[in-house]
Amino acid sequence: MELEILPADASRWDGLALIFGVRGDPSWCKCQYFIDEQWNRGAASNDTALREQVSAPGIPAGLLAYADGQPAGWVQVGPSGRYPRFRPRGHQAGESIWVLTCFVIRPEFRRQGISAQLLAGAIEHARANGASVLRARPTDTSINAKDSAGLFTGVLATFEAAGFTVVNRNRSLALVELDLAELDLAPTR
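Scoring rules and cut-offs
- Residues numbered from 1 in each chain as written.
- Predicted model: local features only at pLDDT ≥ 70, side-chain atom pairs only at ≥ 80, totals over all residues.
- Heavy atoms only, no water.
- pLDDT = per-residue confidence, 0-100.
- Helix = DSSP H or I, 4+ residues; strand = E, 2+ residues; numbered from the N terminus.
- Pairing = 2+ DSSP bridges.
- Axes fitted to C-alpha atoms, helices over the stretch in contact; angles between N-to-C directions.
- Contact = heavy atoms within 4.5 Å.
- Core = buried A, V, L, I, M, F, W, Y, C linked by side-chain atoms within 4.5 Å.
- Buried < 20%, exposed > 50% of the residue type's maximum accessible area, 1.4 Å probe, protein only.
- Parallel < 35°, antiparallel > 145°, perpendicular 65-115°, else oblique.
- Left-handed = near helix turned anticlockwise from the far one by under 90°.
- Nonpolar A, V, L, I, M, F, W, Y, C, P; charged D, E, K, R; others polar.
- Polar contact = N/O pair within 3.5 Å; in protein donor to acceptor, adjacent residues only side chain to side chain.

**Q** Sorry, what's going on with the confidence of the model for the chain here?
**A** Close inspection of predicted coordinates is inappropriate in any region flagged by low pLDDT. Predicted confidence across the chain gives a mean pLDDT of 91, with 94% of residues reaching 70 or more. Predicted confidence in the chain is weakest over helix α6 (residues 180–185), with a mean pLDDT of 74, and strongest over strand β2 (residues 62–67), with 98.

Printed below as a string of structure tokens:
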């Protein structure tokens, strides 16, 4: 499978809509939970908000994965100030601190490593746009197994494999971070 990671923008809206689908949590939430206190106004409102975020100039609202040319997944990542509801213990927003809040993978593309590739793309995206730290709050599935809808913030093992360290835990949720400045100092192979 050939995988391509691209910035979400207005030209890729149809692919993003396909990824979010018409059933299940992603189809109505549209990754608005961490952005908007009124995120539960409904699918139409969240759809409009996501379309505006993806169409806005500046740093893209997230990244899309295309598998063999087909829209397969999405990751929401950006400066921490965009996500006022991302408030795990130990996190404080800052200008160069970015957060990764949500993954959405189309059902037919799950369990194929797309989340790990989106995470790698998010790390590079954050570095390229001046972030010094990238944080997320994935689930530790060794403590609490969840269905795919419950894994929207990612799986802890995927983040640890990418070099993230655990800052703190709250049951099965872990605040993790990756110091991007240290990556810049790492020797290249």
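**Q** It is not clear to me how the sheet that holds strand β1 (residues 3–7) should be interpreted in this structure. Could you clarify?
**A** The pairing of strands in a sheet comes from backbone hydrogen bonds and takes either a parallel or an antiparallel form. Strands sit in the order β1-β2-β3-β4-β5-β7-β6 across an open sheet of 7 strands; the sheet is mixed. Looking at the sheet topology across the chains shown, the edges are occupied by β1 and β6 (165–170). Adjacent strand axes in the sheet meet at a mean angle of 25 degrees when their direction is disregarded. Here strand β5 (residues 133–136) pairs with strand β7 (residues 173–179) via 4 bridges, running antiparallel. Paired with L134 across the strands is L178, a residue of β7. Helix α1 (residues 13–20) contacts β2, β3 (70–79) and β4 (97–105) of the sheet and is inclined by roughly 95 degrees relative to β3.

**Q** What should I look at first to understand the nonpolar core in this one?
**A** Generally speaking, soluble globular proteins have nonpolar side chains that are buried together. One finds L100, L118, L134, F159 and F164 to be the most contacted residues of the largest nonpolar core, which totals 27 residues. For this core, the secondary structure elements donating two or more residues are β2, β3, β4, α4 (114–128), β5, α5 (156–161) and β7. If near-sequence neighbours (up to four positions away) are discounted, F164 is found in contact with L119, I123, L134, F159, V176, E177 and L178. Counting 20 residues, the second largest nonpolar core, distinct from the first, contains C31, V54, A61 and L64.

**Q** It is not clear to me how the packing of α1 against helix α3 (residues 43–55) should be interpreted in this structure. Could you clarify?
**A** Following both chains from N to C, one finds α1 and α3 inclined at 140 degrees, their axes separated by 11 Å at the closest point. By the angle between their directions, the pair α1 and α3 is classed as oblique. Crossing hand, α1 versus α3: right-handed. Of the residues in α3, those touching α1 at W13, L16 and F20 are D47, L50, R51 and V54. Of the residues that constitute the contact of α1 with α3, the class distribution is 5 nonpolar, no polar and 2 charged.

**Q** Sorry, what's going on with unusual backbone geometry here?
**A** Residues other than glycine predominantly adopt negative phi, and peptide bonds predominantly adopt the trans conformation. Of note, C31 is a non-glycine position whose phi angle comes to about 55 degrees, a positive value. Within the chain, D68 stands out as a residue other than glycine whose phi angle is a positive 50 degrees. Along the chain, D68 turns up in the loop between β2 and β3. Taking relative accessible area as the criterion, D68 reaches 53% and is therefore assigned exposed.

**Q** How should the environment of E177 be read in this particular structure?
**A** With respect to the helices and strands, E177 occurs in strand β7. Sequence separation between E177 and F103 is 74 residues, and the spatial gap between their C-alpha atoms is 17 Å. In contact with E177, not counting residues within four places along its chain, are V133, L134, R135, F164, T165 and V167. A distance of 2.8 Å separates a polar atom in the side chain of E177 from a polar atom in the side chain of R135.

**Q** Any chance you could explain the side chain of S80 here in plain terms?
**A** Among the structural elements, S80 can be located in the loop between β3 and β4. With relative accessibility at 2%, the residue S80 sits in the buried group. Side-chain polar atoms of S80 contact the backbone oxygen of G94, separated by 3.0 Å. Non-local contacts of S80, meaning those with residues more than four positions away in its chain, are made with H91, A93, G94, I97, W98 and V99.

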